[in-house]
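The lines below spell out each chain.
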Amino acid sequence: MRIATWNITGLRARLGFFQHWLRERQPEVVGLQELKLSDDHFPHQEIEELGYRAVTYGQKSWNGVAILSRMPLEIVHKGLPGPRISARAFSPREPETSASAAFTARTEKPSSTPTSRSSSRGLDALADHFERCHTTSEPLVLGGDFNLCPAPLDSWNETALAGHIFHTDAERTRFRRLLDWGFEDVYRKLFPETQTFSWWDYRAGAFHKKQDLRIDFLLATRSVMQRVRGAEIDREYRKKKDGLIPSDHAPVFFDME
DNA sequence: ATGTCGGAATTATTCCGA
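What you see is a predicted model, and the numbers here were worked out from it, not measured in a lab.

Definitions and cut-offs
Residues numbered from 1 in each chain as written. Chains lettered and ligands numbered in written order. Predicted model: local features only at pLDDT ≥ 70, side-chain atom pairs only at ≥ 80, totals over all residues. Heavy atoms only, no water. Helix = DSSP H or I, 4+ residues; strand = E, 2+ residues; numbered from the N terminus. Buried < 20%, exposed > 50% of the residue type's maximum accessible area, 1.4 Å probe, protein only. Areas by Shrake-Rupley, 256 points an atom, 1.4 Å probe, with all protein chains shown as cover. Near = heavy atom within 4 Å. Polar contact = N/O pair within 3.5 Å; in protein donor to acceptor, adjacent residues only side chain to side chain. Nonpolar A, V, L, I, M, F, W, Y, C, P; charged D, E, K, R; others polar. Pairing = 2+ DSSP bridges. Core = buried A, V, L, I, M, F, W, Y, C linked by side-chain atoms within 4.5 Å. 1 Å grid on protein atoms, 1.4 Å probe; cavity = no way out; pocket = protein on both sides within 12 Å on 5 of 7 lines; lining within 4 Å. Points joined across faces, edges and corners; volume = space filled by probe spheres on them. Salt bridge = Lys/Arg side-chain N within 4 Å of Asp/Glu carboxyl O. Contact = heavy atoms within 4.5 Å.

Colleague: Before we go on, may I ask you to explain the overall build of chain A in this structure?
Modeller: Scanning chain A from terminus to terminus reveals 8 helices and 12 strands. Within chain A, the proportion of its 257 residues that are buried is 55%. On chain A, roughly 11,700 Å² of surface is accessible, and the fraction owed to carbon and sulfur atoms is 49%.

Given below as structure tokens:
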């Protein structure tokens, strides 16, 4: 069973590309971010033709998440509380295996003043949610675009970028809170030393210049982790396919028994 | 070469945000 996450960067503009990937990779569950459409514009018919049902939490123009599944989905939670929180979560539950969540975490640019809040209140809201509503003994998967590099290995140039956006201690501390609670970073757990990336800025030719970051993750609790047999960051799908333009993020997935 | 996109506002071009 394959579980995936992907910041698709505009599902309407990406539909053909996404369908290509679904056919090729055959994931069982996919968390999508940055749909950039409201729920009434979600292409349910096209998705169902490929055997998936989707639960959506969209937003006009920006953000918006969905979970697609070939298994039955039940919505047990939608959205996160708190003012000005841009992270959003679903927790569809499938009877025997897993709950899953997809979200987008926005990172604010750290200001020059040392007292400024630096980043990702969405991550705090997410950690609050799991602490309040779940236990680590549950089989849980949390996937999304976290907009941060957890460690120097996850950046193409930690030396130059340390302290800057994606590379601040504040961001890393917030991310660590999810790990301390009981999540494992699946890809990193399987490949502790491998430098692999998931995002390349559209601007300035970052993909070709190898200006790359790993900011998209699938996190899993221990009972899921024990069943994981492989993980991949799908860099092939950061490239053009049949002339179709890719997202600026690569899909990330793992396989479990 | 800032090697770019997607979407909205407004009607094929410009602006904005990432």
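Colleague: Is there a simple way to explain the protein's contact with DNA strand B in this structure?
Modeller: Looking at DNA strand B, there are 16 residues lining it, with A13, R14, K60, S61 and Y202 nearest. When atoms of DNA strand B within 4 Å of the protein are split into backbone and base, the sugar-phosphate part holds 63%. Within the side chain of R203, a nitrogen or oxygen atom sits 3.4 Å from a base nitrogen of DNA strand B. Note that a phosphate oxygen of DNA strand B is positioned 3.3 Å from one of the side-chain N or O atoms of K209. Listing elements by their share of the surface near DNA strand B, those giving two or more residues are helix 1 (11-25) and helix 7 (206-209). Of the residues forming the surface near DNA strand B, the biggest block, 3 residues, is contributed by helix 1. Taken together, the residues of the surface near DNA strand B sort by class into 5 nonpolar, 5 polar and 6 charged.

Colleague: Explanation requested: the pairing of strand 8 (residues 140-145) in the structure shown.
Modeller: Among the 6 residues that make up strand 8, 6 are buried, leaving the element largely enclosed by the rest of the structure. Side chains L140, L142 and G144 of strand 8 all project onto a buried face; the interleaved residues V141, G143 and D145 project onto the opposite face, where all are buried too. By the bridge criterion, 5 bridges tie strand 8 to strand 10 (residues 216-220) in an arrangement that is antiparallel. In the strand pairing of strand 10, V141 is matched with A220.

Colleague: Please explain the nonpolar core as it appears in this structure.
Modeller: One broad trend across soluble globular proteins is that nonpolar side chains are buried collectively. Within the largest apolar cluster, 23 residues are counted, with the highest numbers of intra-cluster contacts made by I3, V186, V224 and F254. Counting residues per element, the ones that place at least two in this core are helix 6 (186-190), helix 7, strand 10, helix 8 (222-225), strand 11 (228-233) and strand 12 (252-256). Counting 21 residues, the second-largest nonpolar core is a separate cluster that includes I8, W21, L22 and L68.

Colleague: Teacher, can you tell me more about the layout of surface pockets here?
Modeller: Empty space left among the atoms is revealed by rolling a probe the size of a water molecule over them. The computed volume of the second largest pocket comes to approximately 190 Å³. Forming the walls of the second largest pocket are D201, Y202, G205, A206, F207, H208, R238, K239, K240, I245 and P246. Here the residues of the lining of the second largest pocket are counted per class, giving 5 nonpolar, 2 polar and 4 charged.

Colleague: I would appreciate a short explanation of the pairing of strand 12 in the present structure.
Modeller: Burial runs high along strand 12: 4 of the 5 residues are buried. Pairing of strand 1 (residues 2-7) with strand 12 involves 4 bridges; the strand directions are antiparallel. Bridging from a neighbouring strand, R2 pairs with D255 of strand 12. Looking at chain direction, strand 11 and strand 12 are connected through 5 bridges and run antiparallel. Among the inter-strand pairings, A231 is bridged to a residue of strand 12, identified as F254.

Colleague: What's the story with the pattern of salt bridges in this structure? I'm lost.
Modeller: Pairing between side chains of opposite charge can happen when their charged atoms approach one another. What the rule picks out here adds up to 17 salt bridges. For D185, the salt bridge is made with R214, and the minimal N-O distance between the two is 2.8 Å. Note that D185 is positioned in strand 9 (residues 184-185) and R214 in the loop between helix 7 and strand 10, a separation of 29 residues in sequence. Residue D185 shares its accessibility class with R214, and that shared class is buried. Here the residues in one salt-bridge network are D124, D128, E131, R174 and R177, joined through shared partners.

Colleague: How do you make sense of the environment of F207 when you look at a structure like this?
Modeller: Mapped onto the elements of the fold, F207 is located in helix 7. Between the C-alpha atoms of F207 and K239, which are 32 residues apart in sequence, the distance is 8.9 Å.

Colleague: Explain the side chain of T221 to me, please; I cannot follow it from the model alone.
Modeller: Along the chain, the position of T221 falls in the loop between strand 10 and helix 8. Ignoring any residue separated from it by four or fewer positions in sequence, one finds T221 in contact with T136, E138, P139, L140, W181, G182 and F183.

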